[in-house]
Amino acid sequence: MNRSEQPQGWAPPSLPERRFCRENDAIVTIIVDKQMISQSSPVGALLPSSTERDLRLDLFRGVALWLIFLDHIPQNIVNWFTIRNYGFSDATEIFIFISGYTAAFVYGRAMRERGIIIASARVLRRAWQIYVAHIFLFTIFMAEIAYVAATFDNPLYAEEMNILNFLKQPDVTIFQALLLKFKPVNMDVLPLYIVLLLFFPPMLWLLLRQPALALAGSALVYVLAWNFDWNLPAYPNGVWFFNPFAWQLLFVFGAWCALGGAQRLSGLLRSRIVLGIAFAYLLFAFAITLTWYVEPLARFVPGWLSAWMYPIDKTNLDVLRFAHFLALAAVTVRFVPRDWPALRSPYLAPAIRCGQHSLEIFCLGVFLAFAGQFIISEWSGGPLIQVIISLIGILIMIATAYLISWYKHMEGRGPTARAKPPDADFAGGDV
Amino acid sequence: MKLAAAIIATLAPLAVCLAGVAAAAPPEQCEVPQSLLDTDVDLSRVLNAFKTNRRIAITVIGSGSSGLNGPDGAHSAYPARLEDVLKQQLAGANVKVTAHVQSKETTAAMVSGLDKILADDKPTLVIWQAGTVDALDGVEPDDFRDSLNDGVEKIQAAGADVILMNMQYSPHTESMFNISAYADVMRAIAEQHGALLFDRLAIMRSWNDSGAFDLYAATKKYDMARKVHNCIGWALASQIINSARLDATRVQTTQ
């Protein structure tokens, strides 16, 4: 039974809840102790299921969405604050991992409680929503390109303007976009997400029964993809920028963590040795990244190291990137406990709120990055304009997240409203 | 329309003459942060050829952004500007720049024509401008890397130094196709083979940031494009002179 289906004034008995915890130790990490809820809130039992979830997930996903927005505006001075400049991995890893985590959390529960058909149907509906969102973004992108093609001209860029050639054959281009083969730059994440969700139902089924086997299978696909160059074809040439066969590892790993893996790893995560290794690796990655920006430092990187290390491949989720994400996660989990009081502070609330509506905010972020880039190029924006645009963009993202919450509340999916059938958006937030 | 063309046709040679007169020192607009030209790479083959017979044969291989359309495009594009500047700076030297510019040519296509070019030109230095077309066509970065790798090996085997030149900084199309992966490959290949990377991307970006050029500007005129190519010619020349230590040689030989 899903909690958000419970009628107002109904308090769930504690026994089934406890039994649920015992039977499925996998879920234990997610469920906040009921007593804690009761103490912290007079209507503890009535709180929406979103309070059960780990707010850290929402927080970091919200922050990742902001970073993705900032990184998508090229030549933005604010980019210097985003994590990709301080290590191998970037916001994409955070986003995909947390998305896997929440997908398993939400649909894992659905699969246990309502069966494989219902859960799969909900996963596929989610994939469809993301597909529609992607096509919507594509339309906006086409509008921008068409505008630039019509108004911008400079003989210096005769060659670069060939990018606009695809406007000459919209029949092909639009079909290829609908098939997810033609993906304009910065529009690669949602197609990845769609493919990951399409294959998620069987993976989730396996994760619930044989988590170790599922994770091993995922790792095997990753290795095979590297060995045999598996990837999906793109249009007009090449392959997907985010190789789904490689990136699925992070998504499945997130799902595995949500279904008890985090619990299993907790001993490891408490070890000082692991923490030490994580810190050492983060430091190493930082030092290497520094050499990319401070050219003279590059000579201190030994030749054998560069030969072994480069290229650090984003398309195929380089193992160095994956390791960097793991190190970041290990350090974060250690220093940001799930009951960290700041998670309830008003200062972090905006990021958390954005993280809870990730699909909408992600799409908005891509759109705002287009718009911001457009403003910068139309008005030759200097650093000040870039900072202002970045801030306004994030404010719009926050305001929209609150607006969406308000809508959901108003439409009866909020805590005090009449109960309605649950969906993925609220039962643990967006996926 | 005809009148405008006639005026341009009369004024263009004049402008070129003026440019020639003023070109003893680079225009202020062309200033490049020293850090973008600093390199450990020696162009030792260029230096040797220069020492032995005061001859530098440079071959430029590139796609559309190595050329300019419009009246007198060939002479305004950076290969020709480079030749002029080097001739001025290295008085009495026999400098020849041969440009093989083919718009829309991918790196793989350039490599297939490379043997013939090397045999015909017998260059001491090859400036290889690449990456833009590959990025536009979505060539896989791995394939791009392989082509570039083969090409650089061929050139070096033929006894020439190599300068790899990356893409133009093009703010309007920056959000439309992703060049960074290709720029990274070029940097890595240059490092791996001891070739010199001429970072056109960063240099043009610095011009845009400093206000020397407004690269966002929309215009149908060729003025800015010519100026940019002129500055690239100057920047290339000073990079070649510095990395081959030709200035030291020149001082010695003139003394």
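Each value, and the rule that gives it
- Residues numbered from 1 in each chain as written.
- Chains lettered and ligands numbered in written order.
- Predicted model: local features only at pLDDT ≥ 70, side-chain atom pairs only at ≥ 80, totals over all residues.
- Helix = DSSP H or I, 4+ residues; strand = E, 2+ residues; numbered from the N terminus.
- Expected span 1.5 Å × (residues − 1).
- Buried ≥ 20, exposed ≤ 12 C-beta atoms within 10 Å, placed from the backbone.
- Contact = placed C-beta atoms within 7 Å.
- pLDDT = per-residue confidence, 0-100.
- Nonpolar A, V, L, I, M, F, W, Y, C, P; charged D, E, K, R; others polar.

**Considering helix H5 (residues 78-89) of chain B**
Residues and elements named next belong to chain B. With twelve residues, H5 extends 16 Å between its outermost C-alpha atoms, agreeing within 8% with the 16 Å of an ideal straight helix rising 1.5 Å per residue. Taken across its twelve residues, H5 has ten buried, putting it largely inside the fold. Within H5, the full set of buried residues consists of Tyr-78, Pro-79, Ala-80, Arg-81, Leu-82, Glu-83, Asp-84, Val-85, Leu-86 and Gln-89. Residues of H5 that are buried make contact with strand S1 (55-62), helix H4 (73-76), strand S2 (94-101) and helix H12 (223-243).

**Comments concerning unusual backbone geometry**
Among all residues save glycine, negative phi is the norm, and among peptide bonds the norm is trans. All names here are of chain B. Phi at Lys-122 is positive, roughly 45 degrees, even though this residue is not glycine. Take Lys-122: it is sitting in the loop between helix H7 (114-121) and strand S3 (125-129). For Arg-245, which is not glycine, the phi dihedral falls at a positive 55 degrees. Tracing the backbone shows Arg-245 in the loop between H12 and helix H13 (246-254).

**A short note on the confidence of the model for chain B**
Close inspection of predicted coordinates is inappropriate in any region flagged by low pLDDT. All names here are of chain B. Confidence in the prediction for chain B averages 86 pLDDT; 87% of positions are at 70 or higher. This model gives residues 13-23 a pLDDT under 50, and the stretch forms six contacts once residues within four places in sequence are excluded. Considering only residues more than four positions removed or in separate chains, one finds that residues 251-255, a stretch of pLDDT under 50, has zero contacts. Among the prediction metrics, the complex's ipTM stands at 0.82, with pTM recorded as 0.76.

**A look at the interface of chain B and chain A**
By a frequent convention, interface size equals the accessible area lost on bringing the separate parts together. Taken together, the 38 residues of chain B in the interface contact 32 residues of chain A. Elements with a contribution of two residues or more to the side of chain B that touches chain A: helix H8 (132-137), helix H10 (180-193) and H12 of chain B. Among the residues forming the side of chain B that touches chain A, the class breakdown is 14 nonpolar, 16 polar and eight charged.

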